[in-house]
Amino acid sequence: MKKAVVTGVMKVELQEFPIPQATGDLVVVKIHISPMCTEYKAYLEGEHRDCLGHEAVGEVVEVAQPGAVQVGDRVVVTPLFPCGQCSLCKQGDYIYCKHNYPMQDATMAQYVLKPAWNLFKIPDDVSYEQAALTICGLGPSFGAYQTLGLSASDTILITGLGPVGIGAVINAKYRGARVIAVESNEYRRNLAAELGADGLIDPRDPDAVEQIKSLSGGEGPDCALDCSGAVPAHRLCIDAVRCRGKVAFVGECNTETPIVISRDLLRKGIHLLGSWHYNLNDFPKILEVIRHSPLVDKLVSHVFPMSRIEEAFAVSASQNNAKILLKAWE
Ligand SMILES: [Zn+2]
Ligand SMILES: [Zn+2]
């Protein structure tokens, strides 16, 4: 089977690998679509990597024992290899499982091996293209909004309009919230405007906080969601949100964000929360967004056959894109 491999700085190619085999409760999924996510970082860094991609949709083609899925089932493949046994897995918060199978398997490939229990079955009225948005496209913001309780009476600040941030705008609009979006990339700002963002802010403006406050009644937005993983955006969210507001973080970040407990938290009474994907039990609710949001199609900016992997990575790294879908067999 073919699988994407980063072979150097801005170098990616398809190489041949053996097809995985079903064993125990690990089943083989023939991948139809692999959405692109953060893999462009490996492409820019250039370290050799043959395990790219963590989200996919496809069809179960081999099982080793009776289980949660059967051959022929259309399924969503989610990140990681959670155990299915611990309390987090059992309550649907599998993404936080600390007992993952000791394995790695990539989704930028034609087949992938996955625990059967963690595959979400795709209903007949939902296409593979639509189901591909239930993972990192709409998932992280959906999970955060469930915890924030985001509703039509709220104004939300969204920082960073990559595919996750664009998904966040779509999810917020679906809930009827007012959206103030922050992004420096013009392509992405224009896309947010098309999606009906009520305010658009360039984070390079020195008065960005004041602009955000004036767009939200002077007090600041009720909630903020950082999708950028950038420290200045974390500060912007904390500084701009109103007293007693809530800030959620879904953008990965491994550097320190300075926070002064008294000034930033106690005396503003704000809540900070981290969120990673969403609870498995909410999968039917994400499907409702896909079925009924008039904006959801705009989340996909490009579809590439996997044979044009180099072009797909170049677009992904350019940041002039929303979600990119790779068709694994074309
Ligand atoms: Zn677990
Ligand atoms: Zn992802």
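Read on for a plain summary of the structure. The structure presented is a predicted model; accordingly, all values stated were derived computationally and were not measured.

1. Considerations on helix H5 (residues 163–174)
So, point 1. Here H5 contains 12 residues, and its C-alpha end-to-end distance of 16 Å stays within 8% of the 16 Å for a straight helix at 1.5 Å per residue.
So, point 2. With 11 of its 12 residues buried, H5 lies for the most part within the structure.
So, point 3. For H5, every residue scored as buried is listed here: Pro163, Val164, Gly165, Ile166, Gly167, Ala168, Val169, Ile170, Asn171, Ala172 and Tyr174.
So, point 4. Residue Gly176 follows H5 closely and has a positive phi angle near 85°.

2. A few points about helix H11 (residues 309–318)
So, point 1. Those residues of H11 not exposed but buried are Ile309, Ala312, Phe313 and Ser316. Relative to the axis of H11, the buried residues are bounded by an arc of 95° and lie together on one face.
So, point 2. Taken together, the buried residues of H11 touch strand S1 (2–8), strand S2 (11–16), helix H1 (40–45), strand S14 (300–305) and strand S15 (323–327).
So, point 3. Directly after H11, the chain includes Gln319, whose backbone phi takes a positive value near 70°.

3. Comments concerning unusual backbone geometry
So, point 1. Phi angles above zero are rare outside glycine, and Met10 is one such case at about 55°.
So, point 2. Note on placement: Met10 falls in the loop between S1 and S2.
So, point 3. With 14 C-beta atoms counted inside 10 Å, the residue Met10 sits in the partly exposed group.
So, point 4. Although it is not a glycine, Gln319 adopts a positive phi angle of roughly 70°.
So, point 5. Tracing the sequence through the fold places Gln319 in the loop between H11 and S15.

4. Side note on the environment of Phe313
So, point 1. In this fold, Phe313 is placed in helix H11.
So, point 2. Residues Phe313 and Ile324, 11 residues apart in the sequence, show an inter-C-alpha distance of 9.3 Å.
So, point 3. Not counting residues within four places of it along the chain, the set of residues in contact with Phe313 comprises Val12, Tyr40 and Tyr43.

5. As for the pairing of strand S12 (residues 246–249)
So, point 1. Of the two faces of S12, both are covered, the one formed by Lys246 and Ala248 as well as the one formed by Val247 and Phe249.
So, point 2. In terms of strand pairing, strand S11 (residues 223–226) meets S12 through four bridges, oriented parallel. Among the inter-strand pairings, Cys223 is bridged to a residue of S12, identified as Lys246.
So, point 3. With helix H8 (residues 231–240) bridging S11 and its parallel neighbour S12, the resulting β-α-β unit is right-handed.
So, point 4. By the bridge criterion, four bridges tie S12 to strand S13 (residues 271–274) in an arrangement that is parallel. Residue pairing in the sheet places Ala248 in a bridge with Leu273 of S13.
So, point 5. Chirality of the crossover, the property in question, places the unit of S12, helix H9 (residues 261–266) and S13 among those that are right-handed.

The rules behind these values
Residues numbered from 1 in each chain as written. Chains lettered and ligands numbered in written order. Predicted model: local features only at pLDDT ≥ 70, side-chain atom pairs only at ≥ 80, totals over all residues. Helix = DSSP H or I, 4+ residues; strand = E, 2+ residues; numbered from the N terminus. Expected span 1.5 Å × (residues − 1). Buried ≥ 20, exposed ≤ 12 C-beta atoms within 10 Å, placed from the backbone. Arc of directions from axis to C-beta. Contact = placed C-beta atoms within 7 Å. Pairing = 2+ DSSP bridges. Right-handed = clockwise from strand over helix to strand, strands pointing away.

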